[in-house]
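Here are the chains, one letter per residue:
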Amino acid sequence: MRIGILCHPTYGGSGVVASELALSLAENGHRVHLFSHDMPPRLARAPGPVEVHVAQGSPYPLFHSTPHDLAIMSRVLDLHRSEGLDVLHAHYALPHAVSALQVRSAAEQAGLEPLKVVTTLHGTDITLVGNDPSYAPLTRYAIAASDAVTAVSEDLKRRTTDNFDGLPPCGIEVIPNFVDLDEFCPGAPPAQRSTAVHVSNFRKVKRVPWLVEAFAMALQQLTASGVDAELVLVGDGPQLGEARRVAQLRNLEGHIKFLGLRDALPDLLSPADAFCVASTEESFGLSALEAMACGTAVVGTRVGGLPEVVEDGVSGLLSPVEDLEGFANHLVSVMEDRERSAAMGAAARERAMGLFDRRRVVGQYEGLYQRLIEGGCDR
Ligand code: GMT
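So, about helix H14 (residues 338-355). The end-to-end C-alpha separation of H14 is 25 Å, in line with the 26 Å expected for 18 residues at 1.5 Å each. Residues of H14 that are buried include every one of Ser-341, Met-344, Gly-345, Ala-348, Arg-349, Arg-351 and Ala-352, and no others. Looking straight down H14, one finds that the buried residues subtend no more than 160° of arc, so they occupy a single side. More than 90 degrees from the buried face of H14, the exposed residues found are Glu-339 and Glu-350. Buried positions along H14 lie against helix H11 (286-293), strand E12 (297-301), helix H12 (306-309), strand E13 (316-319) and helix H13 (324-335).

Here it is in structure tokens:
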């Protein structure tokens, strides 16, 4: 198949899913083009034969900001005209699904080969952006007009169908996120100190300052029982400064590390006793899945699709979103008992292998593309 993928060039989330999918599809013999306004970091360090098109557009005094979405659409249309695409797969509803639909309609108008538009909803495109009145009408259109729509969890599917009427002919199919189990695997022995790790883009929804508070609370109990513990924070974003301020306020020096953006995720995840997710929203929790694949137990909040990924009490421990003390207690119970954290970590790896193996999930996408090309779900 000839497949075009549109995505945001993010360090995590949809940018990673789109990049890993592009690489896997290319590995399976498909011709794959990925379009974005910058190089997605996960793809930049992979040698796979994906053709990447970075389209940024040119600034012009009349434009408030450079409209890279338009530049991406032009590039896709140009490629469709010269080489042809069977499927255009948009990751994140806005703007990519709208861009893909625009290309489909421009191709039709120009008498080019028809192409099918698949939209994958990732989470905040529905729960935050899509709910914003300034974007809701366009999000609704993107969902209704796509040839197929997928959601990364049952919870996200439910939230989408609850909030938006007008679905594509085949409804919304749940295709979960996936992980490369060879790249993300247990390896390093446990760290000397009992270690909790968090990886994110430090946006408000990730609640990193709240996590630092919870860790400070847990640390008091851990220290009292003679456990030497630390929290390792990986990533960067708007709430980094606030997280540092809380760490200072709670005298966490010597027990907290801010590492900034890192690529060596498996090496950071696999020696840890716990992976922390303190989010107020999480449609899936890809970083939690990557930690699970590395054999690390998850301590998280019971939100969105996270309970579909982490089996509460088996591969991790989940607590209600406002329960700071409960979250801290979960950290203590995993971090003070290394046998327990190892057992949960092993269960986490098993779950990642059973449900979220890259090869299996990529096959689901291939099946969907094939059905569309053969005329299934035609409008
Ligand atoms: O919201 C983010 O953190 C980024 C966002 C994205 O699309 O880049 O992440 C969402 O998509 C990920 C990949 O499908 C999911 O694993 C995350 O749970 C989801 N984030 C939220 O729902 C907050």
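Aromatic ring pairs are reported here in terms of the distance separating the ring centres and the angle at which the planes meet. The final tally for this structure, using the stated rule, is 3 aromatic pairs. Aromatic side chains Tyr-60 and Phe-63 sit 6.0 Å apart centroid to centroid with 65° between the ring planes, which places their arrangement in the edge-to-face category. Measuring from ring centre to ring centre gives 5.3 Å for Trp-210 and Phe-327, while their planes differ by 75°; the resulting arrangement is edge-to-face. Residue Trp-210 is located in helix H8 (residues 208-224), and its partner Phe-327 is located in helix H13; the two are separated by 117 residues in the primary sequence. Given the relative accessible area of 0%, Phe-327 is considered buried. The lysine or arginine in question, Arg-207, covers the ring of Trp-210, its NZ or CZ lying 3.8 Å from the ring centre. One cation-aromatic arrangement involves Arg-244 over Phe-258; the distance from NZ or CZ to the ring centre is 4.5 Å.

A word on the nonpolar core. Core analysis: the largest hydrophobic core is formed by 64 residues, its most contacted members being Ile-5 and Leu-269. In this view, Leu-269 contacts Phe-184, Val-197, Val-199, Phe-275, Glu-290, Ala-291, Cys-294 and Thr-296; residues no more than four positions away in its chain are not counted.

Our next topic: the site of the ligand. Taken together, 18 residues surround the ligand, and among them His-122, Asn-177, Arg-203, Glu-282 and Ser-283 come closest. Arg-203 places a side-chain nitrogen or oxygen 2.3 Å from an oxygen atom of the ligand. Burial of the ligand by the surrounding chains reaches 95%, relative to a free accessible area of 470 Å². The element that contributes the greatest number of residues to the shell around the ligand is helix H1 (residues 13-27), accounting for 3 residues. Per-domain counts for the shell around the ligand show at least three residues from each of domain 1 (2-178 + 357-373) and domain 2 (194-355).

For the rest of this paragraph, the subject is the domain arrangement of the protein chain. As assigned here, the protein chain comprises domain 1 (2-178 + 357-373) and domain 2 (194-355). Computed over C-alpha atoms only, the centres of domain 1 and domain 2 are separated by 30 Å. Opposite the 22 residues of domain 1 that make contact, domain 2 presents 19 residues. Around 1,600 Å² of area is buried between domain 1 and domain 2 when both sides are counted, 51% of it from carbon and sulfur atoms. Scanning the region where domain 1 abuts domain 2 turns up 3 salt bridges. With a shortest N-O distance of 3.0 Å, Arg-159 and Glu-281 are connected by a salt bridge. On the surface where domain 1 and domain 2 come into contact, there are 8 residue pairs in polar contact (both at pLDDT 80 or more). For the side of domain 1 that touches domain 2, the secondary structure elements donating two or more residues are H1, helix H5 (124-127), helix H7 (154-163) and helix H15 (358-373). The greatest single-element share of the side of domain 1 that touches domain 2, amounting to 4 residues, is contributed by H7. The residue inventory of the side of domain 1 that touches domain 2, partitioned by class, reads 8 nonpolar, 7 polar and 7 charged.

It is worth spelling out the layout of surface pockets at this point. The calculated volume of the largest pocket comes to roughly 800 Å³. Gly-12, Gly-13, Asn-201, Arg-203 and Lys-206 are, among the 41 residues lining the largest pocket, the residues nearest its centre. Of all the elements in the fold, those that place two or more residues in the lining of the largest pocket are H1, H5, H7, strand E8 (194-200), helix H10 (265-269), strand E11 (274-277) and H11. Of the residues assigned to the lining of the largest pocket, the class counts are 15 nonpolar, 18 polar and 8 charged. Taken together, domain 1 (2-178 + 357-373) and domain 2 (194-355) each give at least three residues to the lining of the largest pocket, which thus spans both.

Look at H1 against H15: their axes get within 10 Å of each other, and the N-to-C directions meet at 80°. On the basis of the axis angle, H1 is roughly perpendicular to H15. Every residue of H15 that contacts H1 at Leu-21, Ser-24, Leu-25 and Glu-27 is listed here: Arg-358, Val-362, Tyr-365, Glu-366 and Tyr-369. A per-class count over the contact of H1 with H15 returns 5 nonpolar, 1 polar and 3 charged.

Under the criterion given, the structure shown has 3 cavities of 30 Å³ or more. Looking at the largest cavity, its volume works out to about 70 Å³. Around the largest cavity, the lining residues are Val-16, Val-17, Glu-20, Arg-42, Phe-178, Val-179, Asp-180, Phe-184, Leu-286, Glu-290 and Arg-358. The set of elements that each furnish at least two residues to the lining of the largest cavity consists of H1 and H11. Here the lining of the largest cavity gets 3 residues from one element, more than from any other, and that element is H1. For the lining of the largest cavity, the residue count by class is 6 nonpolar, no polar and 5 charged. Here the second largest cavity is characterised by a volume of approximately 40 Å³. Tyr-11, Pro-41, Arg-42, Arg-45, Arg-262, Asp-263 and Leu-265 are the residues that line the second largest cavity.

How each quantity is defined
- Residues numbered from 1 in each chain as written.
- Predicted model: local features only at pLDDT ≥ 70, side-chain atom pairs only at ≥ 80, totals over all residues.
- Heavy atoms only, no water.
- Helix = DSSP H or I, 4+ residues; strand = E, 2+ residues; numbered from the N terminus.
- Expected span 1.5 Å × (residues − 1).
- Buried < 20%, exposed > 50% of the residue type's maximum accessible area, 1.4 Å probe, protein only.
- Arc of directions from axis to C-beta.
- Contact = heavy atoms within 4.5 Å.
- Phe/Tyr/Trp six-rings, centres within 6.5 Å; stacked < 30°, edge-to-face > 60°.
- Lys NZ or Arg CZ within 6 Å of the ring centre and 35° of its normal.
- Core = buried A, V, L, I, M, F, W, Y, C linked by side-chain atoms within 4.5 Å.
- Near = heavy atom within 4 Å.
- Polar contact = N/O pair within 3.5 Å; in protein donor to acceptor, adjacent residues only side chain to side chain.
- Areas by Shrake-Rupley, 256 points an atom, 1.4 Å probe, with all protein chains shown as cover.
- Domains from an automatic or database assignment.
- Buried area = accessible area lost by both parts, 1.4 Å probe.
- Salt bridge = Lys/Arg side-chain N within 4 Å of Asp/Glu carboxyl O.
- Nonpolar A, V, L, I, M, F, W, Y, C, P; charged D, E, K, R; others polar.
- 1 Å grid on protein atoms, 1.4 Å probe; cavity = no way out; pocket = protein on both sides within 12 Å on 5 of 7 lines; lining within 4 Å.
- Points joined across faces, edges and corners; volume = space filled by probe spheres on them.
- Axes fitted to C-alpha atoms, helices over the stretch in contact; angles between N-to-C directions.
- Parallel < 35°, antiparallel > 145°, perpendicular 65-115°, else oblique.

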